[in-house]
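Take a look at the letters that make up each chain.
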2 protein chains.
Amino acid sequence: MPAQSTRDLIVEQADALFYESGFEATSFADVAAAVGISRGNFYHHFKTKDDILDAVIARRTERTRAMLDGWQAEGDGPRERILSFIHMLIANRTQIMDFGCPVGTLCSELAKLDHAAQGRATEILGLFRDWLTEQMRALGAVDRPETLALHLLSWSQGVAVMATAFKDEAFIRNEVAGIEHWLASLPDLSQST
Amino acid sequence: MPAQSTRDLIVEQADALFYESGFEATSFADVAAAVGISRGNFYHHFKTKDDILDAVIARRTERTRAMLDGWQAEGDGPRERILSFIHMLIANRTQIMDFGCPVGTLCSELAKLDHAAQGRATEILGLFRDWLTEQMRALGAVDRPETLALHLLSWSQGVAVMATAFKDEAFIRNEVAGIEHWLASLPDLSQST
DNA sequence: ACAGAATTAGGACATTCGTCCTAATTCTCA
DNA sequence: TGAGAATTAGGACGAATGTCCTAATTCTGT
């Protein structure tokens, strides 16, 4: 069993570079140099740059799903699961202050490029939306769980954008505290068996 | 008196293209074609692409300041002024769903490019922050007006990102209603003479 | 060991990029 | 009107882009 195939290495490095420099600003040569292979070797694995983008989005989709499944399996209640989501802002604060949210910034860039993969990128955001909706529903008889989920997702996206612009870690912690307070204010009407 | 100088035309078209396609994805040729002049003519007005970016940021800074000054001069109270800010999300909803917030997306892109103009772009957000802080202060004896200002700015940025990703106008209106409700919940302790 | 497949390196390709030069044209104003 | 400045068009320049080809190398299974 190979530790990691060349293809996986390419996708991994492209993922990081697309995040840190943006899709448009990252060239074939950049990814090749990061992986340590020749440019020509690329064509054997990916025919076009868009193919790499598709693979990167697929990788992010898988990893997001795995992360959400992991939180789901941890056995805590929905409130603790939502906190896991929120605390990503703290855990990834350094990267967020440098490059923003990987998903949000990719969606924004692809929207401007009018890129065909925009919908697939948005689907990652949709995973979070659906998962959060499920948690909100599990929290009890809230009438519009998806509205709450979208609000929380939107909140975190705003924090990411602002943190990137102002490079302000205190702001992140402040907003996270605000989110926690908001979450605590939601009535828990769930019934434990 | 010329209706509009060529230089101003260039900056105006570059502004729109940077917004709609992003800075990196917009080329000299794109702007020249939009203005209707030759590529060579560019160098007479702007030596480098970064010079155009600086001019675009300066233009946006001026226009933002003018807009904020305009709201300030309308004679309404701070609550109505803040509503003017919030309602930008509704007024510009079509463009926001297509291209996001002009300021937020530019800051995010320049952060990824590690561009020297990043700080100047962030200053535009700073104008909003400072203006909103002033309105929050005018609203009364709130202990941390800047915290509230940053929160509101962050809120609107999140709405813009989500609206771009999901192309959901109902979400925008929902969140705007939420912001209005939040604003109404802030105690007005200002003293009218 | 060896044939065939998979992978790799290196470079060619047309195009586009930002930049810059030069010559022609237009404008300005004494 | 005419000289000098400002503006414009057109294209050259090297570098970089995404794409693609070919030949060498490595791997795989028998």
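Look above for the structure.
Predicted, not measured: the structure shown is a model, and the values here were computed from it. (Residues numbered from 1 in each chain as written. Chains lettered and ligands numbered in written order. Predicted model: local features only at pLDDT ≥ 70, side-chain atom pairs only at ≥ 80, totals over all residues. Heavy atoms only, no water.)

Caption draft 1: View of the overall build of chain A. Within chain A one finds eleven helices and zero strands. Of the regular secondary structure in chain A, the N- to C-terminal order runs α-α-α-α-α-α-α-α-α-α-α. With respect to the three principal axes, the spread of C-alpha positions in chain A is 60 × 40 × 30 Å. Across the 193 residues that make up chain A, the buried fraction comes to 49%. Accessible area of chain A: about 9,100 Å², with a carbon and sulfur share of 50%. Charge separation in chain A, taken as the distance between the mean sites of 18 positive and 27 negative side-chain charges, equals 2 Å. (Helix = DSSP H or I, 4+ residues; strand = E, 2+ residues; numbered from the N terminus. Buried < 20%, exposed > 50% of the residue type's maximum accessible area, 1.4 Å probe, protein only. Areas by Shrake-Rupley, 256 points an atom, 1.4 Å probe, with all protein chains shown as cover. Lys, Arg positive; Asp, Glu negative; His and termini not counted. Charge placed at Lys NZ, Arg CZ, Asp CG, Glu CD.)

Caption draft 2: Focus on the protein's contact with DNA strand D. If you check the shell around DNA strand D, you find 14 residues, and the closest are K49(A), T6(B), S38(B), G40(B) and H45(B). Backbone atoms, meaning sugar and phosphate, form 59% of the atoms of DNA strand D found within 4 Å of the protein. Contact distances for DNA strand D include 3.3 Å between a phosphate oxygen and a side-chain N or O atom of Y43(A). For the surface near DNA strand D, the secondary-structure elements that each account for two or more residues are α3 (39-45) of chain A together with α3 (39-45) of chain B. (Near = heavy atom within 4 Å. Polar contact = N/O pair within 3.5 Å; in protein donor to acceptor, adjacent residues only side chain to side chain.)

Caption draft 3: Broad picture of the packing of aromatic side chains. Summed over the entire model, instances satisfying the criterion amount to twelve aromatic pairs over all chains. Aromatic pair F28(B) and F42(B): ring centres 5.2 Å apart, planes at 50°, arrangement tilted. With F28(B) in helix α2 (residues 28-35) and F42(B) in helix α3, the pair connects residues that are 14 residues apart, well separated along the chain. Under the relative-accessibility criterion, F28(B) is labelled partly exposed at 27%. For the ring pair F85(B) and F128(B), a centre distance of 5.6 Å and an interplane angle of 55° mean the geometry is tilted. Highlighted residues: F85(B) in helix α5 (residues 78-86) and F128(B) in helix α9 (residues 118-138), separated in sequence by 43 residues. For the pair F85(B) and F128(B), one class covers both residues: buried. When the ring centre of F23(A) is taken as reference, the NZ or CZ atom of K49(A) above it lies at 4.6 Å. (Phe/Tyr/Trp six-rings, centres within 6.5 Å; stacked < 30°, edge-to-face > 60°. Lys NZ or Arg CZ within 6 Å of the ring centre and 35° of its normal.)

Caption draft 4: How the structure looks around the nonpolar core. The biggest cluster of nonpolar side chains holds 121 residues, and the ones touching the most others in it are F85(A), L152(A), F85(B) and L152(B). Per-element tally for this core: the top contributor is helix α10 (residues 145-166) of chain B, with twelve residues. (Core = buried A, V, L, I, M, F, W, Y, C linked by side-chain atoms within 4.5 Å.)

Caption draft 5: Region of interest: the relation of the copies chain B and chain A. Overlaying chain B with chain A gives an RMSD of 0.0 Å, the required rotation being 180° about an axis along which the chain moves by 0.0 Å. The operation mapping one copy onto its partner corresponds to a two-fold rotation axis. Among all residues of chain B, the minimum C-alpha distance to the rotation axis is found for G158(B), at 1.8 Å. A shared interface surface links the copies, since 100% of the contact residues of chain B are contact residues in chain A too. (Least-squares fit on C-alpha atoms with pLDDT ≥ 70 in both. Contact = heavy atoms within 4.5 Å.)

Caption draft 6: Here's a closer look at the environment of T6(A). Residue and element names in this part refer to chain A. Tracing the backbone shows T6 in helix α1 (residues 6-21). C-alpha separation for the pair T6 and F42, spaced 36 residues apart in sequence, amounts to 9.7 Å. Those residues in contact with T6, other than ones at most four positions away along the chain, are I37 and H45.

Caption draft 7: Summary view of the protein's contact with DNA strand C. Residues in contact with DNA strand C amount to 14 residues; listed here are only the nearest, T6(A), S38(A), G40(A), H45(A) and K49(B). Within 4 Å of the protein, the contacting atoms of DNA strand C are drawn from sugar and phosphate to the extent of 59%. The contact in question runs from a phosphate oxygen of DNA strand C to an N or O atom on the side chain of H45(A), over 2.8 Å. Taking Y43(B), its side chain carries an N or O atom lying 3.3 Å from a phosphate oxygen of DNA strand C. Mapped onto the surface near DNA strand C, the elements with two or more residues apiece are α3 of chain A together with α3 of chain B.

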